2 protein chains.
Amino acid sequence: MTARPAPHADPTRARLLDAAADTLREDGITGLSARHVAARAGVNQALIFYHFDTVAQLVDAACRAAVEASIRDYRDRFAAADTFADLLAVGRELHERERAAGNVAMMAQLMAGGQSNEQLAATARYCLARWNDELDDAVTRMLARSALAGLIDPAGLTELISAGFLGLELYEGVDPSSARHAMSTLEHLGDLIEIVDELPAVARRTLQTKMRRRRRPPRSAR
Amino acid sequence: MTARPAPHADPTRARLLDAAADTLREDGITGLSARHVAARAGVNQALIFYHFDTVAQLVDAACRAAVEASIRDYRDRFAAADTFADLLAVGRELHERERAAGNVAMMAQLMAGGQSNEQLAATARYCLARWNDELDDAVTRMLARSALAGLIDPAGLTELISAGFLGLELYEGVDPSSARHAMSTLEHLGDLIEIVDELPAVARRTLQTKMRRRRRPPRSAR
DNA sequence: GTCTATAAGATGATAGAC
DNA sequence: GTCTATCATCTTATAGAC
């Protein structure tokens with residue numbers, strides 16, 4: 001058979017993927033052009049079309065690769081998180097590191113572009129789904145042990161957490177001090193939820209009863 | 001004196017402002033060009049530069065005007081909100097209506113563009129600050145009456161709510177069903193907070209003591 | 001104030017030499 | 001696989017007629 005190098009072994013391809021992700025992270029969706037990406041990768045502009053056909057397909061491949069790479073770093077930590085406190089700790093660390101790495105910014109740009117471009121939207125959906133997959137198991141485990149078991153939908157909470165992080169990221173890009181202020185308030189709220197979770201059994205049962213009553217009103221009129 | 005019509009009375013100016021806001025809402029920051037906006041407004045492209053000098057300044061003016069206009073509709077409702085339940089109800093309504101009007105999408109696009117464009121970032125900061133001004137009084141009043149008084153910073157909570165709404169909006173643009181799922185989970189969480197807030201005085205004091213202990217550890221080592 | 005025409009440059013994408 | 005050169009089209013912005 002002919003020598004067919006694995007796709008990932010192609011150095012030009014890899015340089016373009018990295019450059020596309022970096023451009024999205026640093027210059028945003030508006031700065032993303034074939035020429036910019038190629039210049040950053042140090043290769044000729046025409047190679048983008050040779051390797052990926054269109055700029056949009058390069059972006060798609062770059063974002064998928066970036067998400068796979070960063071998710072791998074967190075798989076073990078998510079798997080080890082059982083309690084709300086654990087999950088909050090992982091979330092804090094993930095936010096700090098992914099922020100520094102620019103991956104949340106990349107996601108935010110992808111989603112902003114996806115509002116009016118179905119191809120980018122599909123890429124964004126895929127990336128979100130991958131992160132949510134990782135989060136989901138941990139959130140489900142955590143909820144199962146908590147006072148909120150059966151009251152809050154795990155998948156919905158996972159999506160809500162993702163949405164919240166993305167909003168904070170966008171905020172941080174235009175107003176860092178306010179965003180950090182919001183983040184620290186979120187941590188206070190996290191502490192609060194943790195405390196509620198540690199309430200004595202009597203209080204927990206009261207909470208659950210009230211919650212069920214509120215969400216599932218009896219069929220007969222009161 | 002010469003006849004100098006009020007700036008808002010200029011029909012071309014007004015058409016351009018509306019068209020710029022609509023373009024941002026529908027086509028996003030990537031679709032925003034002088035030609036697109038002018039075509040939508042039904043006027044010549046050169047008039048953008050005559051009236052606003054640059055496209056960026058038109059966008060700035062359009063977003064400020066749009067935010068002023070929509071805030072005016074909510075001032076009374078925010079002013080009337082005292083409890084957490086009130087605020088949640090206003091938030092729900094605001095989210096639905098502003099989403100339908102496309103104003104949250106406009107903000108999200110503004111912030112996405114602002115990540116790499118200081119002029120857009122300044123516009124985004126201004127718009128966010130205006131919304132937060134409106135929210136802040138209501139959040140402060142609500143917190144003051146709640147079990148969390150003194151435990152959660154009102155300004156931080158306001159910023160957190162804004163960030164969360166923006167994240168949900170971005171999410172909805174690429175994955176509507178997941179975003180709605182997340183939104184309904186948020187409403188469940190809102191109910192939960194409300195219930196905690198209605199706990200008997202004993203439970204509230206326990207909560208406050210635990211929270212203070214966690215956030216402000218004594219200086220002497222345990 | 002509004003238009004046409006145009007400058008000056010960026011963009012996605014392709015053809016074809018090497 | 002990689003390059004140069006190029007197309008057609010888009011962009012912001014300006015000059016000048018009306």
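Since the model is a prediction, treat every value here as computed from it, not as a measurement.

> Quick question: what am I supposed to make of the protein's contact with DNA strand C here?
The immediate surroundings of DNA strand C are formed by 18 residues, with Ala34(A), Arg35(A), Gln45(A), Thr12(B) and Asn44(B) found nearest. When atoms of DNA strand C within 4 Å of the protein are split into backbone and base, the sugar-phosphate part holds 55%. The side chain of Ser33(A) places a nitrogen or oxygen atom 3.1 Å from a phosphate oxygen of DNA strand C. Within the side chain of Gln45(A), a nitrogen or oxygen atom sits 2.9 Å from a base nitrogen of DNA strand C. Only α2 (34-41) and α3 (46-52) of chain A together with α3 (46-52) of chain B provide two or more residues apiece to the surface near DNA strand C.

> Which parts of the structure should I look at to understand the protein's contact with DNA strand D?
Taken together, 18 residues surround DNA strand D, and among them Thr12(A), Asn44(A), Ser33(B), Arg35(B) and Gln45(B) come closest. In DNA strand D, atoms within 4 Å of the protein come 53% from sugar and phosphate. Thr12(A) places a polar side-chain atom, nitrogen or oxygen, 2.7 Å from a phosphate oxygen of DNA strand D. One of the side-chain nitrogen or oxygen atoms of Ser33(B) is found 3.0 Å away from a phosphate oxygen of DNA strand D. Secondary-structure elements contributing two or more residues to the surface near DNA strand D are α3 of chain A together with α2 (34-41) and α3 of chain B. Looking at the surface near DNA strand D, the element that brings in the most residues is α3(A), giving 4 residues. Across the surface near DNA strand D, the residue classes break down as 8 nonpolar, 7 polar and 3 charged.

> Got a minute to help me understand the nonpolar core in this structure?
Nonpolar side chains in soluble globular proteins generally cluster together in the buried interior. If you look at the biggest cluster of nonpolar residues, it comprises 140 residues, and the most contacted ones within it are Phe78(A), Leu110(A), Met111(A), Phe78(B), Leu110(B) and Met111(B). Excluding residues that lie within four positions of it along the chain, Leu110(B) makes contacts with Leu24(B), Val59(B), Cys63(B), Leu120(B), Thr123(B), Ala124(B) and Cys127(B).

> What should I look at first to understand the side chain of Glu194(A) in this one?
Here Glu194(A) lies in helix α9 (residues 176-197). If we ignore the near neighbours within four places in the chain, the residues touching Glu194(A) are Phe84(A), Ala85(A), Leu88(A) and Arg214(B).

> Help me understand the interface of chain B and chain A in this model?
How big an interface is tends to be reported as the loss of accessible area on association of its parts. Facing 56 residues of chain B, the contacting portion of chain A comprises 56 residues. Between chain B and chain A, a total of about 5300 Å² is buried, with carbon and sulfur atoms accounting for 67% of that surface. On the surface where chain B and chain A come into contact, there are 0 salt bridges. Applying the counting rule to chain B against chain A returns 14 residue pairs in polar contact (both at pLDDT 80 or more). For the side of chain B that touches chain A, the secondary structure elements donating two or more residues are α1 (11-27), α7 (103-114), α8 (118-145), α9 (154-174), α10 (176-197) and α11 (201-215) of chain B. Ranked by the residues each element gives to the side of chain B that touches chain A, the list is headed by α9(B), at 14 residues.

> Could you clarify how one ought to interpret the relation of the copies chain B and chain A in this entry?
The two copies are related by a screw operation: chain B maps onto chain A through 180 degrees of rotation and 0.0 Å of translation along the axis, at an RMSD of 0.1 Å. The operation mapping one copy onto its partner corresponds to a two-fold rotation axis. Within chain B, Gly167(B) has its C-alpha nearest the rotation axis, a separation of 1.9 Å. Interface residue correspondence from chain B to chain A reaches 100%, placing this contact among same-surface, isologous pairings.

> Help me understand the packing of helix α7 (residues 118-145) of chain A against helix α8 (residues 154-174) of chain A, please; the structure alone is not making it clear to me.
A pair of packed helices is characterised by two quantities: the angle between their axes and the separation of those axes. Residues and elements named next belong to chain A. Relative to each other, α7 and α8 sit at 125 degrees, their axes nearing to 8 Å. Comparing the axis directions of α7 and α8 gives the class oblique. When the axes of α7 and α8 are compared, the crossing they make is right-handed. Across the interface between the two elements, Leu128, Asn132, Leu135, Asp136, Val139, Thr140, Met142 and Leu143 from α7 touch Pro154, Ala155, Leu157, Thr158, Glu159, Ile161, Ser162 and Leu166 from α8. Of the residues contributing to the contact of α7 with α8, the split by class is 10 nonpolar, 4 polar and 2 charged.

> How do you make sense of the side chain of Glu98(B) when you look at a structure like this?
Residue and element names in this part refer to chain B. Counting through the fold element by element, Glu98 comes out in helix α6 (residues 84-101). Side-chain polar atoms of Glu98 contact the side chain of Ser70, separated by 3.4 Å. Apart from the residues lying within four places of it in its own chain, the contact partners of Glu98 are Ser70, Tyr74, Asn103, Val104 and Trp131.

> Just checking my understanding: could you explain the environment of Leu157(A) for this structure?
The residue Leu157(A) is located in helix α8 in this model. For Leu157(A), a relative accessible area of 12% corresponds to the buried category. Separated by 14 residues in sequence, Leu157(A) and Leu143(A) place their C-alpha atoms 9.5 Å apart. With residues up to four places along the chain from it excluded, the contact list for Leu157(A) reads Val139(A), Met142(A), Leu143(A), Ile152(A), Thr185(B) and Leu189(B).

So, how was this worked out
- Residues numbered from 1 in each chain as written.
- Chains lettered and ligands numbered in written order.
- Predicted model: local features only at pLDDT ≥ 70, side-chain atom pairs only at ≥ 80, totals over all residues.
- Heavy atoms only, no water.
- Near = heavy atom within 4 Å.
- Polar contact = N/O pair within 3.5 Å; in protein donor to acceptor, adjacent residues only side chain to side chain.
- Helix = DSSP H or I, 4+ residues; strand = E, 2+ residues; numbered from the N terminus.
- Nonpolar A, V, L, I, M, F, W, Y, C, P; charged D, E, K, R; others polar.
- Core = buried A, V, L, I, M, F, W, Y, C linked by side-chain atoms within 4.5 Å.
- Buried < 20%, exposed > 50% of the residue type's maximum accessible area, 1.4 Å probe, protein only.
- Contact = heavy atoms within 4.5 Å.
- Buried area = accessible area lost by both parts, 1.4 Å probe.
- Salt bridge = Lys/Arg side-chain N within 4 Å of Asp/Glu carboxyl O.
- Least-squares fit on C-alpha atoms with pLDDT ≥ 70 in both.
- Axes fitted to C-alpha atoms, helices over the stretch in contact; angles between N-to-C directions.
- Parallel < 35°, antiparallel > 145°, perpendicular 65-115°, else oblique.
- Left-handed = near helix turned anticlockwise from the far one by under 90°.

Keep in mind these values describe shape, not function.
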